[in-house]
Amino acid sequence: MGALRRLRAMSGPMRASCLVLAACTTWFLVNLVTPVGPPVLLWLPTPAGALLLTAAFRRTARTMTLPAPTRRFWGHLSLAALCVGVAHTAQAIDVLTHPDVGGAYNGPVLLAFDSAAVLLILYALYRLPLSRRSAGERLRVALDGGTVVAGAAVFIWHFQTRVALRTDNRNEVLGSLILGVLALVVVLAVAKVMLSGYEFIDKSALQWLAFSIFYGATNSMLQPLLAPGHPHLMSTQLSIPVVCCLAAWAAERERGAPRKAVTAKRRPFSLVPYAAVAAVYVLLVLETWFGDHGDEKMLVLGAVTLTALVMVRQVAAFVDNGRLLARLDHNATHDALTQLPNRALFGQRLQQALREPGPVSVALIDLDDFKEVNDTLGHEVGDLLLVEVARRLAGRAGAADTVARLGGDEFVVVLPGADPAAASLAVERLADALRAPAVVNGHELPISASIGIADGRDGDDPSLLLRRADIAMYAAKRLTGTAYLHYDCAMSELGGETGAGDHPSQLREAIDSGRCFLVYQPIVSLDDGRLVGAEALVRWDHPVHGVLPPDAFIPLAERTGLIVPLGRFVFADACRQFAAWDARHGAAAPAVLNINVSPRELREADYAGFVAETLTLHAVDPARIVLEITESMALTLGPATATLERLRALGLRISLDDFGTGSSTLRLLHDCPVDEVKLDRSFTQAPAPASGEGRPPVAAAVIQLAQALRLHAVAEGVETPEQAEQLRSLGYRSAQGYHFARPVPAAQLTEWMTDRAPTGVAT
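Residues numbered from 1 in each chain as written. Predicted model: local features only at pLDDT ≥ 70, side-chain atom pairs only at ≥ 80, totals over all residues. Heavy atoms only, no water.

**A closer look at the pattern of salt bridges**
Scanning the model with the defined rule gives 21 salt bridges in all. Put simply, Asp541 and Arg515 hold a salt bridge, and the shortest N to O gap is 3.8 Å. Separated by 26 residues along the polypeptide, Asp541 in strand β9 (residues 531-542) and Arg515 in the loop between α19 (504-513) and β8 (516-525) bring together distant segments of the chain. For Glu628, the salt bridge goes to Lys678, with nearest N and O atoms at 2.8 Å. Here the residue Glu628 occupies a position in strand β12 (residues 625-630), and Lys678 occupies one in strand β14 (residues 676-679), the gap between them amounting to 50 residues. (Salt bridge = Lys/Arg side-chain N within 4 Å of Asp/Glu carboxyl O. Helix = DSSP H or I, 4+ residues; strand = E, 2+ residues; numbered from the N terminus.)

**Notes on the packing of aromatic side chains**
For the structure shown, the criterion picks out six aromatic pairs. For the ring pair Phe57 and Trp74, a centre distance of 5.4 Å and an interplane angle of 55° mean the geometry is tilted. Here Phe57, found in helix α4 (residues 45-61), pairs with Trp74, found in helix α5 (residues 68-97); they are 17 residues apart in sequence, far enough to count as distant. Exposure remark for Phe57: the relative accessible area of 3% places this residue in the buried category. Chaining the aromatic ring pairs together yields one cluster made of Phe57, Phe73 and Trp74. (Phe/Tyr/Trp six-rings, centres within 6.5 Å; stacked < 30°, edge-to-face > 60°. Buried < 20%, exposed > 50% of the residue type's maximum accessible area, 1.4 Å probe, protein only.)

**Thoughts on the sheet that holds strand β1 (residues 359-367)**
If you trace the five strands from one edge of the open sheet to the other, you get β2-β3-β1-β6-β7, paired in mixed fashion. Each edge of the open sheet is held by one strand with a lone partner, namely β2 (402-407) and β7 (483-486). Across this sheet, the average inter-strand angle for adjacent strands is 20°, counted without regard to direction. In the sheet, strand β6 (residues 449-457) pairs with β7 via four bridges, with the strands oriented parallel. By the bridge assignment, Ile451 is partnered in β7 with Tyr484. Sitting on the sheet, helix α16 (residues 379-396) is in contact with β1, β2 and β3 (410-416), with an inclination near 10° to β3. (Pairing = 2+ DSSP bridges. Axes fitted to C-alpha atoms, helices over the stretch in contact; angles between N-to-C directions. Contact = heavy atoms within 4.5 Å.)

**Section: the environment of Glu410**
If you trace the backbone, Glu410 turns up in strand β3. Sequence separation between Glu410 and Asp368 is 42 residues, and the spatial gap between their C-alpha atoms is 10.0 Å. Leave out the neighbours within four places in its chain, and Glu410 touches Leu364, Ile365, Asp366, Arg405, Asp470, Met473 and Arg603.

**Observations concerning the packing of α4 against α5**
Across the interface, α4 lies against α5 with an axial gap of 8 Å and an inter-helix angle of 170°. Comparing the axis directions of α4 and α5 gives the class roughly antiparallel. Contacts from Thr46, Pro47, Ala50, Leu51, Leu53, Thr54, Phe57, Arg58, Thr60 and Ala61 in α4 reach Arg71, Trp74, Gly75, Leu77, Ser78, Ala81, Leu82, Gly85, His88 and Thr89 in α5. When grouped by side-chain class, the residues that make up the contact of α4 with α5 number 10 nonpolar, eight polar and two charged. (Parallel < 35°, antiparallel > 145°, perpendicular 65-115°, else oblique. Nonpolar A, V, L, I, M, F, W, Y, C, P; charged D, E, K, R; others polar.)

**Considering helix α30 (residues 746-754)**
Within the sequence span of α30, burial applies to Ala746, Leu749, Thr750 and Met753. In an axial view of α30, the angular spread of the buried residues amounts to 105°, which keeps them on one side of the axis. Exposed residues pointing more than 90 degrees away from the buried face of α30 are listed as Ala747 and Glu751. Residues of α30 that are buried sit in contact with β8, β9 and α21 (563-585). (Arc of directions from axis to C-beta.)

**A few points about a nonpolar patch on the surface**
A grouping of Leu51, Leu82, Val86, Val109 and Phe113 is seen on the molecular surface, where their side chains present a nonpolar patch of about 400 Å² in accessible area. Residue assignment for the nonpolar patch shows that the elements contributing at least two residues are α5 and α6 (108-127). With respect to the element layout, Leu82 can be found in helix α5. When its relative accessible area of 39% is taken as the criterion, Leu82 is described as partly exposed. (Patch = residues over 30% accessible without salt bridge, like charges linked within 9 Å, V, L, I, M, F, W, Y side chains within 5 Å. Areas by Shrake-Rupley, 256 points an atom, 1.4 Å probe, with all protein chains shown as cover.)

**So, the environment of Trp27**
By secondary structure assignment, the location of Trp27 is in helix α2 (residues 12-33). Along the primary structure Trp27 and Leu42 are separated by 15 residues, whereas in three dimensions their C-alpha atoms are 7.2 Å apart. The contact partners of Trp27, leaving out residues within four places of it in the chain, are Val36, Gly37, Leu41 and Leu42.

**Re helix α17 (residues 420-435)**
In this model, α17 (16 residues) spans 22 Å end to end at C-alpha, consistent with the 22 Å of a helix rising 1.5 Å per residue. Residues of α17 that are buried: Ala423, Ser424, Ala426, Val427, Leu430, Ala431, Ala433 and Leu434. Buried residues along α17 sit in contact with β1, α16, β3, β6 and β7. (Expected span 1.5 Å × (residues − 1).)

**Comments concerning the packing of α16 against α17**
Packing of α16 against α17 brings their axes to within 9 Å, and their N-to-C directions diverge by 145°. Of the two possible hands of crossing, α16 and α17 adopt the one that is right-handed. Two secondary-structure elements touch here, α16 through Val389, Arg392, Leu393 and Arg396 and α17 through Arg429, Leu430, Asp432, Ala433 and Leu434. Its residues placed into classes, the contact of α16 with α17 shows five nonpolar, no polar and four charged. (Left-handed = near helix turned anticlockwise from the far one by under 90°.)

**Notes on the confidence of the model for the protein chain**
Predicted confidence across the protein chain gives a mean pLDDT of 77, with 70% of residues reaching 70 or more. At the level of individual helices and strands, the protein chain shows its lowest average pLDDT in helix α8 (residues 170-196), which scores 52, and its highest in strand β11 (residues 592-596), which scores 95. Here residues 259-265 is modelled with pLDDT under 50, and outside its nearest four sequence neighbours on either side it reaches seven contacts, counting other chains as well. Contacts for the low-pLDDT stretch residues 757-763, under 50 throughout, to residues beyond four places or in other chains number 17 contacts. (pLDDT = per-residue confidence, 0-100.)

**Description of unusual backbone geometry**
Unusually for a residue other than glycine, Asp369 sits at a positive phi of about 60°. Within the secondary structure layout, Asp369 lies in the loop between β1 and α15 (370-377). Residue classification places Asp369 among the exposed residues on the basis of a relative accessible area of 60%. Of note, Arg710 is a non-glycine position whose phi angle comes to about 60°, a positive value. When its relative accessible area of 79% is taken as the criterion, Arg710 is described as exposed.

**Comments concerning the environment of Arg576**
Along the chain, Arg576 turns up in helix α21. A relative accessible area of 39% places Arg576 in the partly exposed class. Each C-alpha atom of the pair Arg576 and Leu617 lies 8.8 Å from the other, and the pair is 41 residues apart in sequence.

**Points about the side chain of Thr338**
As for its placement among the helices and strands, Thr338 is situated in the loop between α13 (296-333) and α14 (343-355). Separated by 2.7 Å, the side chains of Thr338 and Asp335 make a polar contact. Ignoring anything within four residues of it in the chain, the contact list for Thr338 reads Leu386, Val387, Ala390 and Arg405. (Polar contact = N/O pair within 3.5 Å; in protein donor to acceptor, adjacent residues only side chain to side chain.)

**Considerations on the state of the cysteines**
Within the structure shown, the criterion is met by zero disulfides. Cys24 forms no disulfide, and the closest cysteine sulfur to it belongs to Cys244, at a distance of 10.0 Å. Taking the relative accessible area as the measure of exposure, Cys244 reaches 3% and is therefore buried. (Disulfide = S-S within 2.5 Å.)

**Here's the deal with the nonpolar core**
Side chains of a nonpolar character, in soluble globular proteins, are inclined to be buried together. In this structure, Phe571, Ile625 and Tyr732 are the most contacted members of the largest nonpolar core, which totals 71 residues. Looking at this core element by element, the count peaks at nine residues for α21. What Phe571 contacts, discounting residues up to four positions off in sequence, is Ile595, Tyr607, Phe610, Val611, Thr614, Leu615, Ile625 and Leu627. Formed by 32 residues, the second largest nonpolar core is a distinct cluster that contains Cys83, Val242, Cys244 and Leu246. (Core = buried A, V, L, I, M, F, W, Y, C linked by side-chain atoms within 4.5 Å.)

Here you go:
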């Protein structure tokens, strides 16, 4: 019943081709036992099969849902099928009208139309666009194709050309040679296409077509097996209907193939050349083993065994390489700790979801009080807790959802096709998964999370959705326990202790409209008061609250993701001003420029590229730029450490700000790539102990540690001449603070450079 249903599902030409092949095979087998009926019945399936194949090819070529190169390919093949039908119909007429001539009956008409068919096939394959390949890949394809052709040549020589050369019929020898060469050319062309890819032709269709052409090109090798006992039979009587049926099935597969990009994983090597080598060795073994060749049997057996072992070993190496590449691909798109998709893959999944019509939601999940776990129980327990959270989230997410880790204790979930109601249900499942405590290394740890949901739809900006989810997540932090909120345009973020109470959109507008500006604080030499550098600091000229310091809006920028455009504005404008100073004042200009950078910025994949482009644009030497990260922020860098390494490779230097206030200072100096430490103001302003009393100040220990590690040390927060003198006596050479100058606009620092009077500096 199944076979009958499949037969009914076929097109008319395909069903007719199958019936012709069935009748031809039956009649051929009957005549193989004993001659029955008139000889013409053995030849009728040849033109019938060719006509049906031509109709099948034409039907596929006229299928308008197929790409233009695909339709053109099958249209050319329909002409080749017609030529094959004419060629072998002429051969049938030659056999029926000259039954006593014998031989292969390779008349001029057969040779001419077979040659035309081969040329049409070659032209069709030539016009077929192939996937792009590197020079090495093209060489491997050529070698593989040559291997297949060499194997086919051995068989054609053994079964056809060698036999023809033993006869005295020159026409038969010439025809055999011509057909052999044409067969090899077709085999090479088909092998090349099969080994090159399936961009415009369905994979299974091309494979069936290749098999049919290969069989048609080499079927004449079977003729010597029929000649001795069955002179009334020829191999083409059966092979042409077989070729026509297989090729018609290839056309059928092409019409029914889904028109989408091939996503199946490709094998890192091709089995086709190995099959050709194996076939030649089988022929060699059979000829040697069953012939009278004496000791050559063992030599052949040894050669075959060694070659087989080498082939198996090479295939095993290919398989191992494929697994290694798969692991590398996985590591590039997944978080190393939790094995969840990383930020890069999350971005791809979100963009893909926003290309599909319909709603899309994004849920941002932040663990509450996770830093306390790290500080009290250690990073190992914290990592295990993150792994457990990732396992729970992935277990409760839907099949189409993507759970990713952004970094630190932040997770994000893409909910394609989810409207606000569906997103609430999905997030409720995720929240339920987190409410049970986690047992990690014997510690029972309660899990609490704040979840922000941004609801969007196709065409929305992915970064905007993520920022809205971030805003909603921080709004959810005001609720107790694990809670979630949907983003609402009425949500606002408190801007620190200033009471600014501004919505993130106002900060975005300030960045875009130029209401954010830079001031610069000098870094001076404690020995002679020279200007040795400057630190760029950002301010917000608020229309209501006036000029706001960084503490009033940087936390808002960090929470909403606006720190990324804000940080890029700061870096670009500071480099522009630095280049202007250098061009105008030369040696009197600051030697270095310190710029603060956020871990959120360092997690951006293109940050190092942005820095390099900006420095090139303003012709700034990277060695004169110092990027500052705070010690507390450095604890949460994680994968962003790799970005620091790339920045150092560009020539920039890294400074650890607020040094001495964190809980893992010594470990940071070992793990984090830094070139400079800035002593926190709390140690700078600590009173010096009386002579012979108390312990040495922390500032003394820090300068000794910096000197031992060959790090540049800068003291910040210097407010009195006594503090400056004490730091100089301890070994500090650079400092900044209100004792020297407050942060000032660029114009005032320009005047300070022009008319500098190093007063108030300890000497």
